[in-house]
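A closer look at the structure
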Amino acid sequence: MIDRTTRVLIQGITGRAGRMHTRLMRGYGTNIVAGVSPRAEPVDGVPAFTSCAEAVAASGATASVAFVGADALLGAIREALDAGVKLIVTPTEGMPVHDAMAALAAVRAAGARWIGASTPGMAVPGEAKLGFLPEVALAPGPVGVMSKSGTLSYEVCYRLVRRGIGQSVWIGVGGDPVKGTRYADLVPYFAADARTRALVMIGEIGGSEEEELAVALRAERFAKPVFALVAGRSAREGVTMGHAGAMVHGDAGSWASKRAALEEAGARVFGAVAELVEAVAAAL
Amino acid sequence: MYLLEHDAKTLAAGFAIPSPPGCLIGEALPPGPWVVKAQVAAGGRGKAGAIRKAATMAELDSHARAIGAMSVRGQRVRGVRVEQDVGPAQEAYVALLLDPAAGAVRVLMAEQGGVEIEQQAAVRAERAPLDGIEAAVRRVGAGLAPALTEAGLALAAMFRACEAVLIEINPLFVRADGSWLAGDLKLITDDNALYRQPALRALVERNAAAYPEVRLKLEHGFDYVVVDEAGDIGLLTTGAGLSMMLIDELRARGLRPYNFLDVRTGGMRGDPARLIRVLEWIADGPNVRVVLVNIFAGITHLGEFARLLVQARAAVPRLAVPFVVRLVGTAFEEAEQVLGAAGIPVTTDLEQAVAKL
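None of the values given here were measured: they were computed from a predicted structure. (Residues numbered from 1 in each chain as written. Chains lettered and ligands numbered in written order. Predicted model: local features only at pLDDT ≥ 70, side-chain atom pairs only at ≥ 80, totals over all residues.)

With that settled, the discussion passes to the overall build of chain A. Looking only at helices and strands, one finds 9 helices and 13 strands in chain A. In summary, chain A has a C-alpha radius of gyration of 18 Å against a globular reference of 19 Å for 284 residues, a match within 12%. Along the three orthogonal principal directions, the C-alpha set of chain A runs to about 50 × 40 × 30 Å. Evaluated residue by residue, chain A yields a buried proportion of 60% over its 284 residues. If you take every contact in chain A between residues at least 6 apart in sequence, the share linking residues at least 24 apart comes to 73%. (Helix = DSSP H or I, 4+ residues; strand = E, 2+ residues; numbered from the N terminus. Rg over C-alpha atoms; globule rule 2.2 N^0.38 Å. Buried ≥ 20, exposed ≤ 12 C-beta atoms within 10 Å, placed from the backbone. Contact = placed C-beta atoms within 7 Å.)

Across the contact, 42 residues belong to chain B and 50 residues belong to chain A. Contributions of two or more residues to the side of chain B that touches chain A are made by strand 13 (223–226), helix 7 (240–252) and strand 15 (259–262) of chain B. A per-element tally of the side of chain B that touches chain A places helix 7 of chain B first, with 11 residues.

A few words on helix 2 (residues 57–68) of chain B. Residues and elements named next belong to chain B. In this model helix 2 runs 16 Å from its N-terminal to its C-terminal C-alpha over 12 residues, within 8% of the 16 Å that 1.5 Å per residue would give. When we look at burial in helix 2, the residues that qualify are Leu60, His63, Ala64 and Ile67. For helix 2, the angular spread of the buried residues around the axis is 100 degrees, confining them to a single face. Among the exposed residues of helix 2, those oriented more than 90 degrees off its buried face are Ala58 and Arg65. Packing partners of the buried residues in helix 2 comprise strand 2 (34–39), strand 3 (51–54) and strand 6 (79–84). (Expected span 1.5 Å × (residues − 1). Arc of directions from axis to C-beta.)

Take the domain arrangement of chain A next. All names here are of chain A. One can read the domain layout of chain A as domain 1 (8–116) and domain 2 (134–283). Between the C-alpha centres of domain 1 and domain 2 the distance comes to 26 Å. Contact residues are listed per partner, giving 11 residues for domain 1 and 11 residues for domain 2. Sorting elements by how many residues they give to the side of domain 1 that touches domain 2 places helix 4 (residues 97–110) first, with 5 residues. (Domains from an automatic or database assignment.)

Turning our attention to the domain arrangement of chain B. As a measure of interface size, the accessible area lost when the parts come together is often cited. Domain annotation of chain B identifies domain 1 (21–84), domain 2 (90–193) and domain 3 (221–355). The C-alpha-based centres of domain 2 of chain B and domain 3 of chain B are spaced at 43 Å.

Here we take up the sheet that holds strand 6 of chain B. All names here are of chain B. Pairing is antiparallel across the open sheet formed by 4 strands, whose spatial order is 1-6-2-3. Two strands lie at the open edges of the sheet, namely strand 1 (22–24) and strand 3, each paired on one side alone. Here the average twist between neighbouring strands, direction ignored, is 25 degrees. As paired elements, strand 1 and strand 6 share 3 bridges and run antiparallel to each other. Among the inter-strand pairings, Gly22 is bridged to a residue of strand 6, identified as Glu83. Where helix 2 meets the sheet, its contacts fall on strand 2, strand 3 and strand 6, and the angle it forms with strand 2 comes to roughly 15 degrees. (Pairing = 2+ DSSP bridges. Axes fitted to C-alpha atoms, helices over the stretch in contact; angles between N-to-C directions.)

Another point: unusual backbone geometry. With omega at 5 degrees, the peptide bond leading from Gly116 of chain A into Ala117 of chain A counts as cis. By the secondary structure assignment, Ala117 of chain A is in the loop between strand 6 (113–116) and strand 7 (121–124). Pro33 of chain B follows Gly32 of chain B through a cis peptide bond whose omega is -5 degrees. Look at Arg264 of chain B: it is not a glycine, yet its phi comes out positive at around 55 degrees. According to the C-beta neighbour criterion, Arg264 of chain B is partly exposed, with 18 such atoms within 10 Å. Even without being glycine, Arg269 of chain B reaches a positive phi, approximately 50 degrees. Mapped onto the fold, Arg269 of chain B is located in the loop between strand 15 and helix 8 (273–283).

What follows concerns the packing of helix 3 (residues 133–141) of chain B against helix 4 (residues 146–161) of chain B. Residues and elements named next belong to chain B. Here helix 3 crosses helix 4 at 160 degrees, and the two axes come no closer than 9 Å. Judged by the angle between their axes, helix 3 and helix 4 are roughly antiparallel. The handedness of the crossing between helix 3 and helix 4 is right-handed. Contacts between helix 3 and helix 4 involve Ile133, Glu134, Val137, Arg138 and Gly141 from the first element and Leu148, Thr149, Gly152, Leu153, Ala156 and Phe159 from the second. (Parallel < 35°, antiparallel > 145°, perpendicular 65-115°, else oblique. Left-handed = near helix turned anticlockwise from the far one by under 90°.)

On to the pairing of strand 12 (residues 185–189) of chain B. All names here are of chain B. The buried fraction of strand 12 amounts to 4 of the 5 residues, a majority that puts the element mostly inside the structure. Sheet topology places strand 10 (residues 164–174) next to strand 12; 5 bridges connect them, and they run antiparallel. Looking at the pairing, Glu168 lines up with Lys186 of strand 12.

A few words now on the packing of helix 6 (residues 183–192) of chain A against helix 7 (residues 209–220) of chain A. All names here are of chain A. Two elements in contact, helix 6 and helix 7, have axes whose closest approach is 8 Å; the angle formed by their N-to-C orientations is 30 degrees. Here helix 6 lies roughly parallel to helix 7, going by the angle between them. At the point where helix 6 passes helix 7, the crossing takes the right-handed sense. When helix 6 is examined against helix 7, the residues Tyr183, Ala184, Val187, Pro188 and Ala191 are found in contact with a partner set consisting of Glu209, Glu212, Leu213, Val215, Ala216, Leu217 and Glu220. Partitioning the contact of helix 6 with helix 7 into residue classes produces 9 nonpolar, no polar and 3 charged. (Nonpolar A, V, L, I, M, F, W, Y, C, P; charged D, E, K, R; others polar.)

So, in structure tokens, the structure goes:
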């Protein structure tokens, strides 16, 4: 994963979001070593270059956070991969799904890891964060967190932190249907990670990612307790609620389908934030 | 965006995918007998009685009136399509759909279609990358009636051109002479690609009433859905997942939220216009008796948000209901002062806020 020594470059560093989050991430301790922007002007003391290749050559960056528009995101991911970046985090919302399919193929071919799109980012609390997970909800601790939804994960982690329970690693996988990293991809990591004593999965209706997670938990014989929250129990079929992935067609992707799959895999599934927080607090 | 069948078939005609002659009710009718079909973005129309056959004009009129007043799976019917009943044909199945886990497209075919297609063992399937759909269609269709491969190839072109996530013809009418027609056509496209899909955008503009959520997103850049027209709690919330969860939790307590909203405070840029618009929409809810504001702001300055909220509330006097406000983030104390001066209490605890509703 990442730690305070991970060398990070920011694509789109001179834009409004790029500037602000460069400052906030550095304030948290993230080791930002370079930026990329057509203007190539330094931001907050971080040198900027006109291409990823130059930025990587000059700085030795191995990870990137891209603050670029949805229409430019596929190009930004390809550029980072071509420059040899091995971890790419893309908070951008609204990436077209056909672009995401092309990006995923490129990421796999390069042997890299992509977190996003539509992710609030990832963090190893006390070490570094890539993206904009809010500090009020971040604290070092034993819970591995993975979430499709930014704000719902903020709410859950904020309440856990107020109960004295922090996170080992927090990864926002994003709410898009095709994405770089899915819940199931993270199961082997959380199984092996000694800091992680429990797993919190924050899901929502639509797609099959929660069901895939259930399959992966069983395949891995995941032995740590898993606490799951699935939003959208009362949503109507055929209507997208904010996230491109959160649409139910027929019975596939429904709340009931997800709960059944997760419970069969040994996870506990909750219908309210407070219930999940109580259960995690009681277990740890 | 889940297209109405009529719109999907009209688009498909441009990709050499023919359908039985048809029109919306009120337009010039094809020759009878007819099939009268509810236009609604939900499956299960046949089982719901929202697709009926008509042999006479009187039958057609009465079916159209009945179907036009129906709801299917909680959604109001948005229109009625009348189609010529083309008579007996083999009913097959061809579909292309996004496989998110694989980042690929699934090609599906069966010589026998029907309503329970998901349960059929005889469905052939293969995964393909976006640029390999045609080759997969030819492999999957080998040995089946040639019409399936022909339809699949036409769908492949449409899938890419419209940036679809799902296209399904079920049933695909295959006639004795080998010709084929799309009996039903289901098309779901990618909302995120609408900015570069002028034909789809134009369709939404032409028929805004049928695609209210997409229309709003296109025009305003955020998501708003009326979830219960009789609901009495207006929601001014940010974050899709948290807003969905909040609706679930309120309903579990027997409360009736009126709307879903992901207002995206980051997109307001110091202007109350977006909040005013949202409060106007909430004011349209005939039973709304309270507004719950829930903002968990990673970045947004809550003092600024509070000032915008006070301005917006003053700009929509017809929404004369109490506000319950829950905020977490930067500059909470400033927000508390601003809202307190306007007589609006604020808390950091969502459970406390919900208890006040």
